[in-house]
Amino acid sequence: MGPLQIKDILQTSPENQSVTVKGWVRTKRESKNAIFIALNDGSTIHNIQAVAEPGQFSAELLSTVTTGSCLKITGQLVESQGSGQAVEVKIDDILVYGTADPESFPLQPKKHSLEFLREIAHLRPRTNTFSAILRIRHALAFAVHQYFNDGGFFYLHTPVITASDAEGAGEMFRVTTLNLNKLPRTEEGAINFKEDFFGREANLTVSGQLEGELGAMALSKIYTFGPTFRAENSNTTRHLAEFWMIEPEMAFFELEDNMNLAEDFVKKVITYALIHCKDDLNFLQNRLAEEDKNKPQNERSIPLLEKLSFVVDNPFERLTYTEAIEILLKSKPHKEKKFQYPVGWGIDLSSEHERYLVEKHFKKPVILTNYPKEIKSFYMKLDEDGKTVRAMDVLFPGIGEIIGGSQREEDYDKLLGRVKEVGIDPENLWWYLETRKFGTAPHSGFGLGFERLVLFVTGMSNIRDVIPFPRYPKSAEF
Ligand code: 4AD
């Protein structure tokens, strides 16, 4: 598949054979006896070292070989004299594909802040940190497809443009072709969406779940993996306006089966990264350790690989929302009034509460179930008590909610009742409601925020740094 990449060449045994390497210059170093060029093509975290003799190339050519420039180097693959690598390239020829003026190329070989790199998202994949993140992101996406394919799930492509609010939370981006300067009006003066492209109001999807359920009612086990959009004005390190969500949906699964699947699934994809992304994870682990050096001992995080192995090797704690509230009510921060938000049955847990449960109380991932129906979506199956629903949230250390899911309400009358109760027009969901009329069945599913998973696995602290081109309030650059 194309010419050898640096990843492959670094694994090749050196026999003075001729090789061609293409990539971007990370550093150039000149000593009395040699000129060293470190080249990287993004196929691995490791650079290949290319070595020339002083005087072998003109000063004019060498002056264009600067950090960020792109080169084609031909030469011989030899055993490296240095200690950092097994092989290196003894240069015969250099072709400069593209220069990068050191005066204006922003990525110089020094430490740049993540905030600065966010401003140059078009170039940041060329840094070690971001290339490592992007390779891990790829591996996790691949592992997701592999996991579901092996498990007999079908990949269902749900629409990006929808006319329904799957979560009923009203956080949608509108899709329209109407002229905003000259909106068509009805006789009553409202905007006339009949004249819009779809002849009705349309939005970008917040979740593929509702269509996913239609798929599960035919194929038994499906999953979606696509972009979802939320117009919530959340300026946090955990929220994006555009994020990728993985949503399996399974006929004949009850809440317990759903929890078992969710736990097995995250453990398996993390294991995949542990096996296939060793070099990148090691790099990120060292990077974090370096950052931690400046922190007091008690604020330092556990090493990344240890953290990931711990999650894979230990069962998640499972308890009900009601039990969690009892723990919080008995907790020290509650008694000492240290929580910012009040605790009591019926509250929507805030991130400080979730973090207390996961990081302080259980010290491991937690699955909370059976939440009050008032704080959850309309489609969740009502428990016998009529107060709680068969919801499940998986909470992760340092992340908070990584998965949200539930058993679905399969009873037509109960579901219709909930739809009306939360103020959704049943007309808009006629097709969804019909699944409960024709061959309804118990079924369940969940949604994993892909970026929250990547955040956890890479140990990064801001979700804007684990997606190539983040979308958040007041930012749609690139
Ligand atoms: O809990 P949520 O809103 O659940 C759903 O959308 C359901 N339809 C899922 C289902 O049952 N099929 O979102 C699911 C997950 C969250 O746990 C979180 O990981 C992620 O999606 N998420 C976000 N990630 C990044 N930015 C945001 N703004 C997110 N909102 C939710």
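You'll find the chain entered in an unreviewed UniProt entry as Asparagine--tRNA ligase, with Dyadobacter chenhuakuii given as the organism. You can read under Subunit (unreviewed entry) in the UniProt record for the chain the words "Homodimer."

1. Topic: a nonpolar patch on the surface
The grouping of Val160, Ile161, Phe197 and Phe198 at the surface amounts to a nonpolar patch, some 380 Å² of accessible area in total. Summarising the element assignment, Ile161 is placed in strand 7 (residues 161–162). For Ile161, a relative accessible area of 39% gives the class partly exposed.

2. Considerations on the UniProt feature "domain: Aminoacyl-transfer RNA synthetases class-II family profile" (unreviewed entry) in the chain
Here the UniProt feature "domain: Aminoacyl-transfer RNA synthetases class-II family profile" (unreviewed entry) sits at residues 134–468. For residues 134–468, the end-to-end C-alpha separation is 8 Å, with 37% helix and 19% strand making up the annotated structure.

3. Remarks on the pairing of strand 2 (residues 35–40)
In terms of burial, strand 2 is largely enclosed, as six of its six residues are buried. The alternating pattern of strand 2 places Ile35, Ile37 and Leu39 and Phe36, Ala38 and Asn40 on opposite faces, both of which are buried. Once strand 1 (residues 18–30) ends, the chain turns through four residues before running back antiparallel as strand 2. Pairing analysis gives five bridges linking strand 2 to strand 3 (residues 48–52), with the strands arranged antiparallel. Bridge assignment links Leu39 to a residue of strand 3, and that residue is Ile48.

4. Some words on the side chain of Asp393
Relative to the elements of secondary structure, Asp393 occurs in strand 14 (residues 388–396). Within the structure, Asp393 has its side chain in polar contact with the side chain of Lys376 (distance 3.0 Å). Look past the residues within four positions of Asp393 in its chain and what remains in contact with it is Val366, Ile367, Leu368, Tyr371, Lys376, Glu401, Ile403, Gly404 and Gly405.

5. A short note on helix 9 (residues 321–330)
Where helix 9 is concerned, the buried positions are Tyr321, Ala324, Ile325, Ile327 and Leu328. The arc that holds every buried residue of helix 9, seen down its axis, measures 160°, which confines them to one face. If you follow the buried residues of helix 9, they end up packed against strand 12 (317–320), helix 10 (332–335), helix 11 (351–362) and strand 13 (366–372).

Calculation notes
- Residues numbered from 1 in each chain as written.
- Predicted model: local features only at pLDDT ≥ 70, side-chain atom pairs only at ≥ 80, totals over all residues.
- Heavy atoms only, no water.
- UniProt positions renumbered as here; feature names shortened; annotations may be inferred.
- Patch = residues over 30% accessible without salt bridge, like charges linked within 9 Å, V, L, I, M, F, W, Y side chains within 5 Å.
- Areas by Shrake-Rupley, 256 points an atom, 1.4 Å probe, with all protein chains shown as cover.
- Salt bridge = Lys/Arg side-chain N within 4 Å of Asp/Glu carboxyl O.
- Helix = DSSP H or I, 4+ residues; strand = E, 2+ residues; numbered from the N terminus.
- Buried < 20%, exposed > 50% of the residue type's maximum accessible area, 1.4 Å probe, protein only.
- Pairing = 2+ DSSP bridges.
- Polar contact = N/O pair within 3.5 Å; in protein donor to acceptor, adjacent residues only side chain to side chain.
- Contact = heavy atoms within 4.5 Å.
- Arc of directions from axis to C-beta.

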